[in-house]
Amino acid sequence: MSKLFAFSGNDDFCPGGSIYPNPKESSLFLSLGSHVDVYFPPRKRSRISAPFVFSEERSEKKKVSIEVLPDECLFEIFRRLPGGQEKSACACVSKRWLTLLSNIRRDEFSNRSSKPEAEILEKKAEVASEAEDLDVEDDGYLSRSLEGKKATDIRLAAMAVGTANRGGLGKLFIRGSKSSRGVTSVGLGAIARGCPSLKVLSLWNLSSVGDDGLSEIASGCHQLEKLDLCQCPAITDKALIAVAKNCPSLTDLTIESCSSIGNEGLQAIGQCCPNLKSISIKDCPLVGDQGIASLLSSASYSLVKVKLQRLNITDVSLAVIGHYGKAVTDLTLTALSNVGERGFWVMGGGHGLQKLKSLTITSCGGVTDLGLEAVGKGCPNLKQFCLRKCSFLSDNGLISFAKAAVSLESLQLEECHRITQFGFFGSLLNCGAKLKAVSLVSCLGMKDLNLAVPLLAPCKSLISLSIRNCPGFGDASLAVLGKLCPQLQHVDLSGLQGITDAGVLPLVESSETGLAKVNLSGCVNVTDEVVSTMTDLHGWTLEMLNLDGCRQISDASLVAIANNCLLLSDLDVSKCAVTDFGISSLAQASHLNLQILSVSGCPLISDKSLNALRKMGQTLLGLNLQNCNAISSCTIDILVEQLWRCDILS
């Protein structure tokens, strides 16, 4: 007992240390029975004579970790980090730390470092950023793109934290997928808090992103200028209204396949975004005349580009465009099934499209002769006009439009099957003096007729002619074109299987300024005579020649090219009857500097052309040897090794 009362607390009865964290906690004691008395001196360890078993778990010391701190404490620690490198390092510790850091707004970080320390940190940041200069585009904004399975909230949070020390992201492109771990509103919230300088945001195929995420972007990124939404069904007018109210600098808006966005969002955009310049809306079933009318009328003096595709709008919307589109220069209308003839007639008669320069109309049944003539009269500065898949337009409407559109420079017609040779040649004769390019694609109404076309006023301004895949266009029509258009420089007749030398030669011989680019691919009846005449007359100007699929072209054409062409840089003789001799002739022409050569599908070219190809490889940048079965893999390997500057397809 004397030892017990003499114990001062400095000696350990148990060498392993204290058994209990708190000796006075009665719940940790073993029951000793009612007849046992135990004395507790102040600050003394309990001494128990009864035997018991030590638990291994209780004997171990508890590990101390920062993870035991609640989020509130870590938040206060993180917001006091001095620089971006420290924040990035902490974000790499765990998802919890990354999430906490991404939830701290930029203005919530505490700047308490002294001036010398701040200068040192700034210099370190400048040195560290040199290695990442490739991420900065020409306009000075950091740009990031996430696609498929890489598009997750964790990656967005890491981007927000990692780029914060360099001003945050300026451009963000997210292309989602059907993965369950895709981007949600949580990830966009991290971007909104960490990247207030975001200017461009593109969201594609993100079914998990709703109004909350885009609303956070709107409230945190007031400098947003371009917004692209595609296949985001959970985003509604609510988010678009938030963008309109918080992002007055918005200039470009693209909405595609967003089934929950309707008229209210567009009304807010028109009223609150005075700098809006471009709008594109496609496949949005809730968008109607009310939204388009409100948007156009509110942004009458700022909106420059308008693109409307597959919408449930009527003649009313086109009437509003014709009246309020005072600043519109580019207009695209596609698959507007509810718009009739009256809509286009009113749009042209509104006299509001005085600045319109480019007009593209596709699959609109309301385009008729009367409506198109009104459009031509109401758009005096129209320079480019493209009409696709409009089956109700006839020759009379096209000629009337050509007379009215006095400033027209480019005319493109595609799959307009009621247009015949009368309308085509009539538009050339009645167009203004500024017409430079005409393109006719897949118009089945063309039939080769011997037309008596007056040549009193030839179309001398036309320099580019493209007639592709029009099976009825033949030699007689080509001969007339040659006389009607003496200043042609670019000619594309691809897919015209019915033409022969009799039609092509007059066109080639009538060019006064010299042909520069000629495409005869698929013209199976063209022979060496055309190439020989062309190189003899225009060898000093010819830059590109495509003879793909012209089966009657042989080595004679390659010899003529080698002897006469000085500027030719692009030659395609795929699926032609050329041999090793023709390739050798090209290689021996010292003045010829070909950059692109295609001999794909030429079975008569063999390994004997190795030296010739190797010699031309001094200037070649592209060489196509696909389906050349007579060329061995060994020859291909030699060319790949020696022509290291040239991209070789085999």
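See the structure printed just above.
The shown structure was predicted, so the numbers you read here are calculated from the model rather than taken from an experiment.

## Here's the deal with the overall build of the protein
Turning to step 1, where the next piece is worked out: Looking only at helices and strands, the protein features 24 helices and 20 strands.
Turning to step 2, where the next piece is worked out: Just so you have it, the protein exposes about 31600 Å², and 51% of that area is on carbon and sulfur atoms.

## Examining the pattern of salt bridges
Turning to step 1, where the next piece is worked out: One pass over the structure, following the stated rule, counts 9 salt bridges.
Turning to step 2, where the next piece is worked out: Residue E225 is joined to K199 by a salt bridge in which the shortest nitrogen-to-oxygen separation is 3.9 Å. Within this pair, whereas E225 is found in the loop between helix 9 (211-220) and strand 4 (226-230), its partner K199 is found in the loop between helix 8 (185-194) and strand 3 (200-204), the two being separated by 26 residues in sequence.
Turning to step 3, where the next piece is worked out: Where D283 meets R310, a salt bridge forms, and the shortest distance between an N and an O atom there is 2.8 Å. Here D283, found in the loop between strand 6 (278-282) and helix 12 (289-298), pairs with R310, found in the loop between strand 7 (305-309) and helix 13 (315-324); they are 27 residues apart in sequence, far enough to count as distant.
Turning to step 4, where the next piece is worked out: In this structure D283 comes out as partly exposed when scored by relative accessible area, which is 24%.
Turning to step 5, where the next piece is worked out: For R310, a relative accessible area of 42% corresponds to the partly exposed category.

## Let's talk about the packing of helix 18 (residues 475-484) against helix 19 (residues 501-510)
Think of two packed helices as two axes; the pair is described by the angle between the axes and how far apart they sit.
Turning to step 1, where the next piece is worked out: Where helix 18 meets helix 19, the axes come as close as 7 Å, and the angle between the chain directions of the two elements is 5 degrees. Between helix 18 and helix 19, the angle is such that the two are roughly parallel. Residues D475, L478, A479, L481, G482 and K483 of helix 18 touch helix 19, and the partners they reach there are A502, G503, V504, P506, L507 and S510.
Turning to step 2, where the next piece is worked out: A breakdown of the residues in the contact of helix 18 with helix 19 according to their chemical character gives 7 nonpolar, 3 polar and 2 charged.

## Observations concerning the packing of aromatic side chains
In this description, a pair of aromatic rings is defined by centroid distance and the angle of the planes.
Turning to step 1, where the next piece is worked out: This model, assessed by the stated rule, comprises 3 aromatic pairs.
Turning to step 2, where the next piece is worked out: By way of ring pairs, the aromatic residues F424, F425 and F473 are connected into one cluster.
Turning to step 3, where the next piece is worked out: The aromatic ring of W204 is capped on one face by R175, whose charged end is 3.9 Å from the ring centroid.

## Some details on a positive patch on the surface
Turning to step 1, where the next piece is worked out: A cluster of basic residues, K357, K383, K434 and K436, forms a positive patch on the protein surface.
Turning to step 2, where the next piece is worked out: Its place among the elements puts K383 in the loop between helix 15 (369-378) and strand 10 (384-388).

## Focus: the side chain of T334
Turning to step 1, where the next piece is worked out: Here T334 is to be found in strand 8 (residues 330-334).
Turning to step 2, where the next piece is worked out: Residues within four places of T334 in sequence aside, it is in contact with L308, Q309, R310, T362 and C364.

## Quick notes on the pairing of strand 7
Turning to step 1, where the next piece is worked out: As judged from the 5 bridges shared by strand 6 and strand 7, these two strands associate in the parallel manner. In the strand pairing of strand 7, S280 is matched with K307.
Turning to step 2, where the next piece is worked out: Between the parallel pair strand 6 and strand 7, the chain is carried across by helix 12, and the sense of this crossover is right-handed.
Turning to step 3, where the next piece is worked out: Alignment of strand 7 against strand 8, held across 5 bridges, turns out to be parallel. Across the sheet, residue K305 finds its bridge partner in strand 8, namely D330.
Turning to step 4, where the next piece is worked out: Crossover strand 7 to strand 8 through helix 13 is right-handed.

Cut-offs used in this document
- Residues numbered from 1 in each chain as written.
- Predicted model: local features only at pLDDT ≥ 70, side-chain atom pairs only at ≥ 80, totals over all residues.
- Heavy atoms only, no water.
- Helix = DSSP H or I, 4+ residues; strand = E, 2+ residues; numbered from the N terminus.
- Areas by Shrake-Rupley, 256 points an atom, 1.4 Å probe, with all protein chains shown as cover.
- Salt bridge = Lys/Arg side-chain N within 4 Å of Asp/Glu carboxyl O.
- Buried < 20%, exposed > 50% of the residue type's maximum accessible area, 1.4 Å probe, protein only.
- Axes fitted to C-alpha atoms, helices over the stretch in contact; angles between N-to-C directions.
- Parallel < 35°, antiparallel > 145°, perpendicular 65-115°, else oblique.
- Contact = heavy atoms within 4.5 Å.
- Nonpolar A, V, L, I, M, F, W, Y, C, P; charged D, E, K, R; others polar.
- Phe/Tyr/Trp six-rings, centres within 6.5 Å; stacked < 30°, edge-to-face > 60°.
- Lys NZ or Arg CZ within 6 Å of the ring centre and 35° of its normal.
- Patch = residues over 30% accessible without salt bridge, like charges linked within 9 Å, V, L, I, M, F, W, Y side chains within 5 Å.
- Lys, Arg positive; Asp, Glu negative; His and termini not counted.
- Charge placed at Lys NZ, Arg CZ, Asp CG, Glu CD.
- Pairing = 2+ DSSP bridges.
- Right-handed = clockwise from strand over helix to strand, strands pointing away.

So far we have only geometry, and geometry alone does not tell us how the molecule works.
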